[in-house]
Amino acid sequence: MFTGIITAIGQIQHVEDLGSSQAHGKRLSIACPPGYLDDVVLGDSIALNGACMTVTALALDAQAFVVEVSAESLRLTAGLDQVGEVNLEKALRAADRLGGHIVSGHVDGIGTVSALNPVGESHELRILAPRQLMPYLAVKGSVTVQGVSLTLNSVRDLQEGCEFSINLIAHTMAHTTLKHLRPGSAVNLEVDLIARYVARMLQTGSALPTGQPR
Ligand SMILES: Cc1cc2nc3c(=O)[nH]c(=O)nc-3n(C[C@H](O)[C@H](O)[C@H](O)CO)c2cc1C
Ligand SMILES: Nc1c(NC[C@H](O)[C@H](O)[C@H](O)CO)[nH]c(=O)[nH]c1=O
């Protein structure tokens, strides 16, 4: 589990095919700031732009780690097949502060940036999400964009999807890769876990566990 508070920016330095066909995934090597990997061991979970990955190797100088991204994960995510900066978050410890919201590290869909404009000392980020995520996006609810926990300020249901806006403060711009977004950029989205369960209960018409008297 994660919380969507990005603690470092890494750099995907090498992308290597795991096999010769599209059915195979990729091996990525990610360079990290000094000290970031000091408490990381093989098998740990680290989210890359919101997608949870398993550490399969650590560099001898403890400045880089390796993950293997399956073809399925590549199909369901954006940007994990190319070199460049990535938002990093290590999995939560039980005693950690839950500064953002509860995040699983499973990317639910890929959105497209429609605008990123300065507004006062902040920026307004607008994203078009796929239609299937519409029920889970609500004003003042939570969403992760590239692994960053954010609050929705507006939501518009459109024919082509669900467009939502976010107010990005200067701190978030400075400490995440969101500053690199442009209209047309593809972004990993994870919807709120609570919204997912509420939608499921409404869909099945049941809010009570099986066997409980109504
Ligand atoms: C704890 C955990 C570890 C994961 N490790 C990997 C991994 O090493 N490689 C991978 O391709 N997908 C992995 N996934 C799945 C990946 O995050 C998922 O396919 C994308 O987020 C798309 O939903 C993992 C997911 C979780 C929850
Ligand atoms: N909820 C919003 C945040 N939250 C803080 C970021 O998640 C955090 O700054 C980032 O993960 C780096 O550690 N930031 C915003 O700009 N807008 C929000 O609505």
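Owing to the predicted nature of the structure, the values given are computational and were not obtained by experimental measurement.

J.: Tell me about the overall build of the chain, and please be specific about residues and values.
T.: Scanning the chain from N- to C-terminus turns up three helices and 13 strands. Here the C-alpha radius of gyration of the chain, 18 Å, is about what a compact globule of 214 residues would show, namely 17 Å. Out of the 214 residues belonging to the chain, those deemed buried represent 41%. Sequence separation of 24 or more characterises 66% of the internal contacts of the chain that already satisfy a separation of 6 or more. As displayed, the chain offers around 11,400 Å² of accessible surface, 54% of which is attributable to carbon and sulfur atoms. One finds the centroid of the 15 positive side-chain charges in the chain at a distance of 7 Å from the centroid of its 20 negative side-chain charges.

J.: Explain the pairing of strand β10 (residues 142-145) residue by residue, including any values.
T.: Alternating positions in β10 separate into two faces, S142 and T144 on one and V143 and V145 on the other, with burial throughout. Strand direction decides the pairing type here: β10 and strand β11 (residues 148-158), joined by four bridges, are antiparallel. Bridge pairing in β11 places S142 opposite T151. The turn joining β10 and β11, which pair antiparallel and follow one another in sequence, is formed by two residues; a positive phi near 55° is taken by Q146. Summarising the sheet, β10 and strand β13 (residues 186-191) pair through three bridges and their orientation is antiparallel. By the bridge assignment for β13, V145 is matched with L189.

J.: Give me the nonpolar core: which residues, what numbers.
T.: Looking at soluble globular proteins, one finds that nonpolar side chains tend to be buried together. With 24 residues, the main nonpolar core has L137, V145 and F164 as its most contacted residues. Breaking this core down by element, the ones donating at least two residues are β8 (109-119), β9 (122-129), β10, β11, β12 (161-168) and β13. It is β12 that provides the largest number of residues to this core, a total of four residues. In this structure F164 touches L125, R126, I127, A129, L137, V143, V145, L152, S154, V155 and L189, once residues within four positions along its chain are discounted. Residues I12, M53, V55 and L80 belong to the second largest nonpolar core, which totals 21 residues.

J.: Describe the UniProt feature "repeat: Lumazine-binding" (unreviewed entry) in the chain, and please don't skip the residues or the numbers.
T.: UniProt's feature table lists "repeat: Lumazine-binding" (unreviewed entry) at residues 1-101 and 102-202, given in the numbering used throughout. Between the end C-alpha atoms of residues 1-101 the distance is 10 Å, and the span holds 6% helix and 39% strand. Across residues 102-202 one finds 16% helix and 48% strand; the C-alpha atoms that close the span lie 21 Å apart.

J.: Give me unusual backbone geometry: which residues, what numbers.
T.: Despite not being glycine, N49 shows a phi value in the positive range, around 50°. With respect to the helices and strands, N49 occurs in the loop between β3 (45-48) and β4 (51-54). A relative accessible area of 4% places N49 in the buried class. Its identity as a non-glycine residue notwithstanding, Q146 has a phi of 55°, on the positive side.

J.: Outline the pattern of salt bridges, supporting the account with residue identities and numerical values.
T.: Taken as a whole and judged by the stated rule, the model has 10 salt bridges. Salt bridges sharing common partners tie together E124, R126, R156 and E163.

J.: Summarise the site of ligand 2; cite the residues concerned and give the values.
T.: Residues in close proximity to ligand 2 total 13 residues, the closest being I6, S149, N167, I169 and T172. At 3.2 Å from an oxygen atom of ligand 2 is found a main-chain nitrogen or oxygen belonging to G4. Backbone polar atom of T151 to an oxygen atom of ligand 2: 3.0 Å apart, as the coordinates give it. For ligand 2, whose unbound accessible area comes to 440 Å², protein coverage reaches 83%. Examining the composition of the shell around ligand 2, we find that four residues originate from one element, β11, more than from any other.

Cut-offs and rules
- Residues numbered from 1 in each chain as written.
- Chains lettered and ligands numbered in written order.
- Predicted model: local features only at pLDDT ≥ 70, side-chain atom pairs only at ≥ 80, totals over all residues.
- Heavy atoms only, no water.
- Helix = DSSP H or I, 4+ residues; strand = E, 2+ residues; numbered from the N terminus.
- Rg over C-alpha atoms; globule rule 2.2 N^0.38 Å.
- Buried < 20%, exposed > 50% of the residue type's maximum accessible area, 1.4 Å probe, protein only.
- Contact = heavy atoms within 4.5 Å.
- Areas by Shrake-Rupley, 256 points an atom, 1.4 Å probe, with all protein chains shown as cover.
- Lys, Arg positive; Asp, Glu negative; His and termini not counted.
- Charge placed at Lys NZ, Arg CZ, Asp CG, Glu CD.
- Pairing = 2+ DSSP bridges.
- Core = buried A, V, L, I, M, F, W, Y, C linked by side-chain atoms within 4.5 Å.
- UniProt positions renumbered as here; feature names shortened; annotations may be inferred.
- Salt bridge = Lys/Arg side-chain N within 4 Å of Asp/Glu carboxyl O.
- Near = heavy atom within 4 Å.
- Polar contact = N/O pair within 3.5 Å; in protein donor to acceptor, adjacent residues only side chain to side chain.

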